[in-house]
Amino acid sequence: MRIDIMTLFPDTVNAVLHESIIGRAAKKGIVEINCVQIRDFTENKQNQVDDYPYGGGWGCVMMAQPLKSCLDHIKAQTQGRKSRVIYMSPQGKPFNQATAKRLKNDYDHLVLVCGHYEGIDERFIELCVDEEISLGDFVLTGGEIAAMAVADSVCRLVPGVLADEQCYTGESHWDGLLEYPQYTRPECWEGKTVPEVLIGGDHAKVARWRRKKQIERTMEKRPDMFEKLSFEDKEDAKLLKEIQKQAKRKKLTEPLSYRQATMKDIPRVMEIVADAKRSLKKHRVDQWQGDYPTAAAFEQDVANNELYVLCHGEDIVGFLMVTARPEPCYDDITDGKWSSDAPYCVMHRTAVAAEYRGSGMAEYLVRCAEDISRKNGVRYLRVDTHRKNKPMQQLLRESGFRYRGNILVSSEPGHDPARQAYEKILK
Ligand SMILES: C[S@@+](CC[C@H](N)C(=O)[O-])C[C@H]1O[C@@H](n2cnc3c(N)ncnc32)[C@H](O)[C@@H]1O
């Protein structure tokens, strides 16, 4: 691919396009980018490229002659090539990835004409220009920024410019979707951790998560693009259903708060427990699948001032039990160890009502546990969860908890006592 950029400011364009990835590709001869000074083709003594507009008005218009002579010079060097002359103009068709693909596929030579001042003489456009491309519905002082954008986006599609085709086929706009979120080291930054699926090493799961995020993001950020998608692919249609189901979940519109539970709250707590049991069963997690946790256990928690309810406005939408009493079964931790012997609080017995899952309430619940712990004068929180309770594990990791090893809880006969142990040192 050869690109000639007709400009009054070749140094500006060269400085950008001969750097970094495109610059390296040019050095290797994979692409060729030339900036041609229009002023070199004037036929007047002053090297004047513009003049006042006929009919009056502000500013100057670039004259057709230097433009045509400049173009002829380029054409003389590129005979036999499949060329396209493009005027960068706010009146052109808005540029997009599909246009970049078309230009790369259909031509091996592009001439990008950069106007300046009030623009260029209309007769040059009529006589010499194949198409007009705009960077968007706004006006720039010159066509250079637009030409650089077109040259960059076309060149990166040329084989050999990027390391692999996948570098651009997975990116935003390639197939009508935006790209999924990206993360790099460290795994935890400012208390925010990388989604667990990305560090689990399961490539199929990563691919599914990414595709789902692509659909979800496009839906949220670019409804205009989303409208054009057809979802004929079965897997995509399934992902869309999942996203739509999630979207139906309650939005948090009222203030969130938490308070100590009273005996009157126990029936609502038991409703949420029943919800949670159903969900755990559905996900084949052998946790809370017997009688536990019972209303009697919660009554004891209330009596100990250790049970809290989460409120969305007036509604109780979750609960948590936080205690500063040490948990004896945490003493025998295997496959790892706690990072500190300091006094700690434990978050036990916790759940969020089904209609609030995925709404951000669970994240709030963890923050409440941290707050309660601090109010107890303790800056160290421990929690355990079933090894198959992936949503809880993800919540904990995303909330800055670290997996420390495995423990055994005193479970009902016939039920799995193995739990994963997590901890967080609070700031
Ligand atoms: C100030 S503009 C001229 C605008 C022109 N008088 C009009 O209203 O259509 C000067 C030059 O900048 C370039 N330019 C400005 N906005 C652009 C855009 N959105 N996309 C591409 N090129 C643009 C064009 O090459 C144009 O000739």
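Conventions adopted
- Residues numbered from 1 in each chain as written.
- Predicted model: local features only at pLDDT ≥ 70, side-chain atom pairs only at ≥ 80, totals over all residues.
- Helix = DSSP H or I, 4+ residues; strand = E, 2+ residues; numbered from the N terminus.
- Near = placed C-beta within 6 Å.
- Nonpolar A, V, L, I, M, F, W, Y, C, P; charged D, E, K, R; others polar.
- Core = buried A, V, L, I, M, F, W, Y, C linked by C-beta atoms within 7 Å.
- Buried ≥ 20, exposed ≤ 12 C-beta atoms within 10 Å, placed from the backbone.
- Contact = placed C-beta atoms within 7 Å.
- Axes fitted to C-alpha atoms, helices over the stretch in contact; angles between N-to-C directions.
- Parallel < 35°, antiparallel > 145°, perpendicular 65-115°, else oblique.
- Left-handed = near helix turned anticlockwise from the far one by under 90°.
- Pairing = 2+ DSSP bridges.

Relative to the helices and strands, Lys241 resides in helix α10 (residues 234-248). Linking Lys241 and Thr141, residues 100 residues apart in sequence, is a C-alpha distance of 46 Å.

Inspection of the region around the ligand gives 20 residues, with Pro90, Gly115, Leu140, Gly143 and Ala146 positioned closest. With 4 residues, the top contributor of residues to the shell around the ligand is strand β5 (residues 83-94). Considered class by class, the residues forming the shell around the ligand number 9 nonpolar, 10 polar and 1 charged.

This part covers the nonpolar core. Of all hydrophobic cores here, the largest spans 46 residues; its most connected members are Tyr308, Leu310, Phe319, Leu320, Leu365, Cys368 and Ala369. Of all the secondary structure elements, the ones that give two or more residues to this core are α11 (266-282), β11 (307-312), β12 (315-323), β13 (345-352), α13 (361-375), β14 (380-386), α14 (390-398) and β16 (418-425). Ranked by residues supplied to this core, first place goes to α13 with 8 residues. Excluding anything up to four places from it in sequence, Leu365 contacts Leu310, Gly318, Leu320, Thr350 and Val352. Counting 44 residues, the second-largest nonpolar core is a separate cluster that includes Cys70, Met88, Ile133 and Ala147.

Interhelical geometry of helix α8 (residues 203-221) versus α10 gives an angle of 60 degrees and a closest axis separation of 10 Å. Comparing the axis directions of α8 and α10 gives the class oblique. Two packed elements cross with a definite hand, and for α8 against α10 that hand is right-handed. On the side of α8, the interface is formed by Arg211, Lys212, Ile215, Glu216 and Met219, while α10 contributes Asp236, Leu239, Leu240, Glu242 and Ile243. Taken together, the residues of the contact of α8 with α10 break down into 5 nonpolar, no polar and 5 charged.

Another aspect to go through is the sheet that holds strand β10 (residues 256-260). One open sheet holds the 7 strands; their spatial order is β10-β11-β12-β13-β14-β16-β15, and the pairing between them is mixed. Each edge of the open sheet is held by one strand with a lone partner, namely β10 and β15 (402-408). Strand-to-strand, the axes of this sheet are offset by a mean angle of 30 degrees, without reference to chain direction. Summarising the sheet, β11 and β12 pair through 6 bridges and their orientation is antiparallel. Its bridge partner lying in β12, His312 is registered against Asp315. Contacts from α13 reach β10, β11, β12, β13 and β14 within the one sheet, and its direction differs from that of β12 by about 40 degrees.

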